[in-house]
Structure formats: C-alpha cells, structure tokens
Amino acid sequence: MRRILSFLLTFCLLAAPLPALATQDTAAAAQDVLFALADGEYAAVFAQCDPAMREALGDADGLADVWRQLTDMMGALEDAQAADAGEQSGYRLVSAQCAFARADAVLSLAFDAQGRLCSLGLVDMRARETAAEADAGGYVEEEIALRAGEADETGGLLTLPEGDGPFPAVILVHGSGPSDRDETAYVHAPFRDIAHGLARLGVASVRYDKYTYAHPQLCLDADFTVDDEYTRDAVDAAELLAGDARIGGIYLLGHSQGAMLAPRIMRAVREKIGKRLCGGVLLAGSPLHMWQIQYRQNLDVLAALGDAATQEDRAMIEAEAAKAETLTGLSAAQLQAETLFGISAFYQAGEMSVDAARLAAQLDLPLFIAQGAKDWQVRPEDGIDAWRAALPEDMDVTYRLYADMNHMLIDMEGEPTGSAADYMDADARTSEELIEDIAAWILS
C-alpha cells in the first residue's frame, strides 16, 4: 500500500504522467486522440505516447483501462472541442470540452516537442439530468452569488418551489474534497437531485460550488481550516436566505464530512440569523473525528489486501493514529509543518477542537439523521449508531436507516463491493424515499 488514505469521500478518477510541448496544432491532435480512443484504437494512441507514459500504462490494454474508467462513469464520448491551453514547463497543454452520454467533462491533454501524448486527465465533470427529469419541472432556479464582487465570489443556485411562498429552505453542505454545486461524483449529482426533489415537495434550497472547488488557489495556506472550507459559505448562504421574503424557516443539510461538521456550522449560522435556523439534516456523517474515520478506512483497505498487506503498512497506520493524540501539545507552527493521515495537522486539529455530538446537544435544535445500511465509507456503527449513542435520548432527533442506500445516497442492488463500482450505475438517482422523508420532516 505504502500510503495513507487522506479524505473521507475521495474520487480518484484518472492517473497519468505529467504534461508535455508541440509545435503542431495540438488542439487538433488532442481531438484526434480522443476520437481514436472513442473508436477503440488503443494501440494506435499508445504508439503516439511518450516513453514515460508508455511505461506507466504498460501496454495498449493499460490505456484501454484508463479510457474505460472514464466511459464507465460518463458513457460514450459523443463530441469533443479542444483548445490550446498554452505551455507549461516545456509542454503544450490542451483543454478539451467533452460531451459524454451521461455527463459533460473537461479533459486535459499534454504533448511534448515531438507531438507525443504525455498526459490525459479528468479536470472537471458535470453529471447530466435526463430529459425526463428536466421536463418534470416543479421548481424554479435562480443564479446566486456569495460575496458578490469580492475576490472569492462563489456562484450557486437558489431552487424554489413553484408558487409564492414563503418556503422553508435548506443549505446544502458538501462532503470532503473539491466539489461543484451539484456535488457531482462519478455520474451522480446528489445535491441537484435533492434540490429538485425537495422543491417539488415544497422545500427551497441553496447550493453552491464548494470553496476548495471554486477557489483552489486560495486554499493553499498552511493555516487553512475547516471553517475556511465550510463555515464561511454556509453562513453567507444563510444570510442570503434570511434576507429573501420568499423564504421561511432555514435548515442546514450536510452530507458526509458536511454532516460531521454540521453542529459547528449550525452554531455559526445561528449566531448570524438567530431563530431563523430551525434544525439540521445530517446524511451519512459521524460524530467521530475525521482522523478516526480515516483510521478505520485504512484498516479496511488492509483487510481487503489480505496477505498482500505488510507489517510496514500496519505500522504506518498505527503510527498515524498515535500521532493524533499528540496534536493538542503542538504549537500552530508545528501543526502547520505536520500531516495526519495525509492532511495538514493544523486542519485536523481545528476539526478536533469541536465535539460534534456535545455541541449538537448544546444547540438543542431538531435533527434528522439518516444513513444507508450499505454505506462502507462511513459504517453505520460509526455513523447513525454512534450519533444515537452520543446524543441525549430526550433530544428531538429523528433517525432513519435505509436498507439499500449507500454513501452516495443512492439505492443499490446486491451487496456493496467496498469500491467505486458501487457508484457506477448511471441510471441510479438519489433515494426518492430519503428526499420524501426529509421534506416531510421539515414540513412537519
């Protein structure tokens, strides 16, 4: 293994060598490459790769596997429009706007001075609504901006039910890692599904591009925290909703890491909008600290490796877990120089400074806590069961465990594989039962 898993909800889509420069028309060359891959001409494209990329891929079958990763997620390539993206470190970069059967995506390609392909990677992806879903209507969407006119202005969407309102509204808070406003992952867009489904049932919502997605260049400082990543946007979204006459009570809905951080975000939101904050919806989250979930995920990886796992792997994971206990004694400068499970120790220590369950009890706001029984990224015993054990019995909490739902909030047939294969069903959508239950809880 030789590495520590870093994020709770990370989607590794494509790995390839680094870029490369060409004097030829690289945009046209990129389109030729993409259409050749779409036609299954893997041997021809492999022959055009530079030596480093050929070594990394192994053979044409390795290139076919890389392309299959993309098409498994997004469907067949239907069209591609490439544009020269300039030079970098002696290589010529190309950005390709691609239309796949189930998603729109931006791919990055790079060529060396001999015109050989050196890199192929997925930069961005937007899962597509089906025509039937788009025609279903039942909602109105408006573009919004958080911190309009500022250097870190962030775009989003306000989704409203048809009619005059006022409507209750939810703020949608992402899981870990950079993510667009729809929380696109593979071919799924959970936040888009939730926003549209809730609106059809009478509940408004606001969703926005996550800070690390919209402003990656602003997230590199050593003192970057979970509040920089999550709380700022949620508070600004709450203030936007509170100033809209069409909006009534306001709720926070967090998914995965967003659910884990929900109590601290709700505290900040309530400080801003007071009693307008009416409760929280926590989906596939945990009251445990982030490093504890990462520790368990790494142990699961070792278990899956079986005999292939080494004592060195085990020792490395245990050493990271032991390191977590020492963070409280370190200065800010020391924390910024350390990592814990692949993430800045300063960031981890900030997350660890809040006990989610204790704070939720202190806030004493109604909660809807839900999870799928087929969630292997945050197991139910670390999620909904841990919340139930940590929160007071007399607290106003509704718990729901969905038998067939996984971490991506989609229902799946059969047993979970513990891999990305569980998220590859392009016809699956966010659980309608979950959306109906959230709406019923809010409206009641």
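Above this text sits the structure in question.
Conventions we followed
- Residues numbered from 1 in each chain as written.
- Predicted model: local features only at pLDDT ≥ 70, side-chain atom pairs only at ≥ 80, totals over all residues.
- Heavy atoms only, no water.
- Pairing = 2+ DSSP bridges.
- Helix = DSSP H or I, 4+ residues; strand = E, 2+ residues; numbered from the N terminus.
- Axes fitted to C-alpha atoms, helices over the stretch in contact; angles between N-to-C directions.
- Contact = heavy atoms within 4.5 Å.
- Buried < 20%, exposed > 50% of the residue type's maximum accessible area, 1.4 Å probe, protein only.

1. Things to note about the pairing of strand β1 (residues 77-88)
Side-chain direction in a regular strand flips from residue to residue, so the side chains alternate between the two faces of the sheet. Examined bridge by bridge, β1 and strand β2 (residues 91-100) share ten bridges and lie antiparallel to one another. Considered in β2, the bridge of glycine 86 is made with leucine 93. Linking two consecutive strands that pair antiparallel, namely β1 and β2, is a turn of two residues; a positive phi of about 55° is found at serine 89 within it.

2. Brief notes about the sheet that holds strand β7 (residues 167-173)
Within the open sheet, the eight strands sit side by side as β5-β6-β8-β7-β9-β10-β13-β14. Their pairing is mixed. The open sheet has two edge strands with one neighbour each: β5 (139-146) and β14 (397-402). The average undirected angle you get between the axes of adjacent strands in this sheet is 20°. Here strand β6 (residues 154-161) pairs with strand β8 (residues 204-208) via four bridges, running antiparallel. Following the sheet pairing, threonine 159 is matched in β8 by serine 205. Where helix α10 (residues 262-273) meets the sheet, its contacts fall on β7, β9 (247-255), β10 (277-283) and β13 (367-372), and the angle it forms with β10 comes to roughly 160°.

3. So, the pairing of β13
For β13, a buried count of six out of six residues is recorded, marking the element as mostly surrounded by other parts of the structure. Alignment of β10 against β13, held across four bridges, turns out to be parallel. Among the inter-strand pairings, glycine 280 is bridged to a residue of β13, identified as leucine 367. Sheet topology note: the β13/β14 ladder contains six bridges and is parallel.

Nothing here speaks to function; it is geometry throughout.
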